[in-house]
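Fold and contact review
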Amino acid sequence: MEHLGARIAHIGPGRVHIVLPARREVTQQDGYFHAGATSAIADSAGGYAAFTLFPEDTSVLTVEYKINLLAPAVGDRLEAEGTVLKSGRTLTVCRLEVFGVQDGRRKLVATGQQTLICLG
């Protein structure tokens, strides 16, 4: 996340919000945020959201995730939100949402779902 320039803006039980400011290095040829950057912050938001509910001395690993890119990702920044839908002893399922933010207005640009495993 450091390489992309993303940062965690909020951490709560089962919920994490990550912000990625717009910069040339995370955009593609038409100036939109690259799908890889969009997907990476979504994956990290869900992973950290799951991790907030895991026992101490464990770690988290993504088992699978699916992203639907709904609109070109444009704006001053992207905001990814990961929310735990079901936290299990071994597997956890999260909802992923990514918003493009321009002049304070948020537009949903990607949505997905993720399964993570608790390693320990």
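As a reminder, the structure under discussion sits directly above these lines.
Described below are features of the structure shown in this document. Here the structure is a predicted model, which means the values were calculated and not measured.

A few words on the environment of Met-1. The topology assignment puts Met-1 in the segment before strand 1 (7-12). For Met-1, a relative accessible area of 33% corresponds to the partly exposed category. The spatial distance from the C-alpha of Met-1 to the C-alpha of Ile-18 is 9.4 Å, given a sequence separation of 17 residues. When sequence neighbours within four positions are dropped, the list of residues in contact with Met-1 reads Ala-6, Ala-40, Ile-41 and Ser-44.

Glancing now at the packing of aromatic side chains. Under the criterion given, the structure shown has 1 aromatic pair. Between Phe-51 and Phe-54, the ring centres sit 6.3 Å apart and the planes meet at 90°, which makes this aromatic pair edge-to-face. Accessibility expressed as a relative area gives 35% for Phe-51, which makes it partly exposed. We classify Phe-54 as buried; its relative accessible area is 9%. The lysine or arginine in question, Arg-106, covers the ring of Phe-99, its NZ or CZ lying 3.9 Å from the ring centre.

Bringing the pattern of salt bridges into the picture now. Tallying each qualifying case throughout the model produces 6 salt bridges. Here Arg-24 makes a salt bridge to Glu-25, at a shortest N to O gap of 3.8 Å. Of the two residues, Arg-24 and Glu-25, both sit in the exposed class. The partner of Arg-106 in a salt bridge is Glu-79, and the shortest N-O contact between them spans 3.1 Å. Placement of Arg-106 in strand 6 (residues 105-119) and of Glu-79 in strand 4 (residues 77-87) is noted, with a sequence separation of 27 residues between them. Beyond isolated ion pairs, a larger network of salt bridges with shared partners links Arg-15, Arg-77, Glu-79, Glu-81 and Arg-106.

The rules behind each value
Residues numbered from 1 in each chain as written. Predicted model: local features only at pLDDT ≥ 70, side-chain atom pairs only at ≥ 80, totals over all residues. Heavy atoms only, no water. Helix = DSSP H or I, 4+ residues; strand = E, 2+ residues; numbered from the N terminus. Buried < 20%, exposed > 50% of the residue type's maximum accessible area, 1.4 Å probe, protein only. Contact = heavy atoms within 4.5 Å. Phe/Tyr/Trp six-rings, centres within 6.5 Å; stacked < 30°, edge-to-face > 60°. Lys NZ or Arg CZ within 6 Å of the ring centre and 35° of its normal. Salt bridge = Lys/Arg side-chain N within 4 Å of Asp/Glu carboxyl O.

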